[in-house]
Amino acid sequence: MNKFLKLLSLFVVGVLAQQTAGLADGSALRKLLTADEARAWRAVGRLNIGKNSFCTGTLVAPDLVLTAAHCLYDPDTGQPVDSDQIEFLAGWRNGQAVAYRKARRFVVHDDYDLDQHVVLKRVSSDVALIELDRPIRDSSIVPFKRFKRPNVGADVKVVSYAKERAGAPSIEEPCSVLDTDDRTLVLSCTVDFGASGSPIFVIHHGEPKIASVVSAMAKWRDRDVSLGVSLGRPLEDLFDKLKLTDGIFQAHRPGSLSLSEQLGRSNTGTNFIK
């Protein structure tokens, strides 16, 4: 792990405790308010989890949604949520989705561990796949291909739903990759609650490809940053796990602390806990 990431790890928990990332000055974050603007991003959707929380998810196959692993655990008990409490709303905008699907099952990366107190190690495996109860067969909703690893300095885009902008997707463009280690990206992108699991895109030969998902927000040298898992091997591991599993999700043993406590968050009663 390089010096940049070591310095970053000293600050991430304290920033999570503040429950805000804030919008950086000059942020390029904007809502996709019109149908024309949102059309290219219909495979990104809001992921409703139970009655009171949500994350962001992205289709990577007609029946598979990619998101952050921590989205799929109850923040108070540390237990995995029931798959029947998960709904994917593809292209959710202004009270309507292009497609609605329930989850059949989900798998999280084998290395993801709620007991892991080294935040960057947890981020490096904070990825999950949700299998939908039925594939989405709609020519206007095209699953995104993946991009294994962007270089430091690469421009990226993030499409997300989040606190106070849950009714329509927002896009931030451009933000950039500030640094990496083997499996973690440090990004200049703005994030807030609800944005967990949001896809981070690289434009490759004119086509947006998903390179990471948002896991956490952090601070480094008074700068707001976001953290994501680098795809590639972690995502291949999840595909392999789906093929091998019998459909029963095996959860990691939760620790004595709640997930909220382990992530450094306090429970303020807000619905936007993911």
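All of these numbers come straight from a predicted model, not from anything done at the bench. (Residues numbered from 1 in each chain as written. Predicted model: local features only at pLDDT ≥ 70, side-chain atom pairs only at ≥ 80, totals over all residues. Heavy atoms only, no water.)

Considerations on the side chain of E131
With respect to the element layout, E131 can be found in strand β7 (residues 128-132). What makes E131 buried here is its relative accessible area of 14%. At a separation of 2.3 Å, a polar atom in the side chain of E131 contacts the side chain of R105. Contacts of E131, omitting those with residues within four sequence positions, involve D63, L64, A103, R104 and R105. (Helix = DSSP H or I, 4+ residues; strand = E, 2+ residues; numbered from the N terminus. Buried < 20%, exposed > 50% of the residue type's maximum accessible area, 1.4 Å probe, protein only. Polar contact = N/O pair within 3.5 Å; in protein donor to acceptor, adjacent residues only side chain to side chain. Contact = heavy atoms within 4.5 Å.)

As for the nonpolar core
Counting residues in each nonpolar core, the largest one holds 54 residues, and the members touching the most others are L66, L129 and I130. Contact partners of I130, with chain neighbours within four places excluded, come to L47, D63, L64, V65, T67, L72, I86, A103, R105 and F106. Within the second largest apolar cluster, 17 residues are counted, among which are C175, A195, V202 and M217. (Core = buried A, V, L, I, M, F, W, Y, C linked by side-chain atoms within 4.5 Å.)

Some details on the sheet that holds strand β5 (residues 86-90)
Read once around its circumference, the closed barrel built from 6 strands follows the order β2-β3-β4-β7-β6-β5, with strand pairing classed as antiparallel. Recorded for the sheet is a direction-independent mean angle of 40 degrees between the axes of neighbouring strands. With 5 bridges joining them, strand β6 (residues 99-108) and β7 adopt antiparallel strand pairing. Counterpart to R105 in the pairing with β7 is E131. (Pairing = 2+ DSSP bridges. Axes fitted to C-alpha atoms, helices over the stretch in contact; angles between N-to-C directions.)

Some points on the packing of aromatic side chains
Counted under the stated rule, the structure contains 4 aromatic pairs. Relative to F201, the ring of W41 has its centre 5.1 Å away and its plane inclined at 45 degrees; by these criteria the two rings are tilted. On the criterion of sequence distance, the pair formed by W41 in the loop between α3 (35-38) and β2 (44-49) and F201 in strand β11 (residues 199-204) is long-range, its members being 160 residues apart. Look at Y73 and Y112: their rings are 5.9 Å apart centre to centre, the planes differ by 40 degrees, and that puts the pair in the tilted class. Placement of Y73 in the loop between β4 (64-67) and β5 and of Y112 in the loop between β6 and α4 (119-123) is noted, with a sequence separation of 39 residues between them. Y112 carries the same exposure label as Y73, and that label is buried. (Phe/Tyr/Trp six-rings, centres within 6.5 Å; stacked < 30°, edge-to-face > 60°.)

Thoughts on the pattern of salt bridges
Using the criterion set out here, one finds 12 salt bridges in the structure. Between R39 and D36 there is a salt bridge, with its nearest N and O atoms 2.8 Å apart. Classification of R39 as partly exposed rests on a relative accessible area of 40%. Look at D36 and you get exposed, because its relative accessible area is 60%. Bridged by salt links that share partners, the residues R30, E37, K157 and E173 form one connected network. (Salt bridge = Lys/Arg side-chain N within 4 Å of Asp/Glu carboxyl O.)

Description of unusual backbone geometry
Between E173 and the following residue, P174, the backbone shows a cis peptide bond with an omega angle of -10 degrees. One can find P174 in strand β9 (residues 165-180). Even without a glycine there, the phi angle at N94 is positive, about 55 degrees. Here N94 shows up in the loop between β5 and β6. A positive phi angle, close to 50 degrees, is found at H205, a residue other than glycine. Inspection of the secondary structure puts H205 in the loop between β11 and β12 (207-220). Classification of H205 by relative accessible area gives exposed; the value is 76%.

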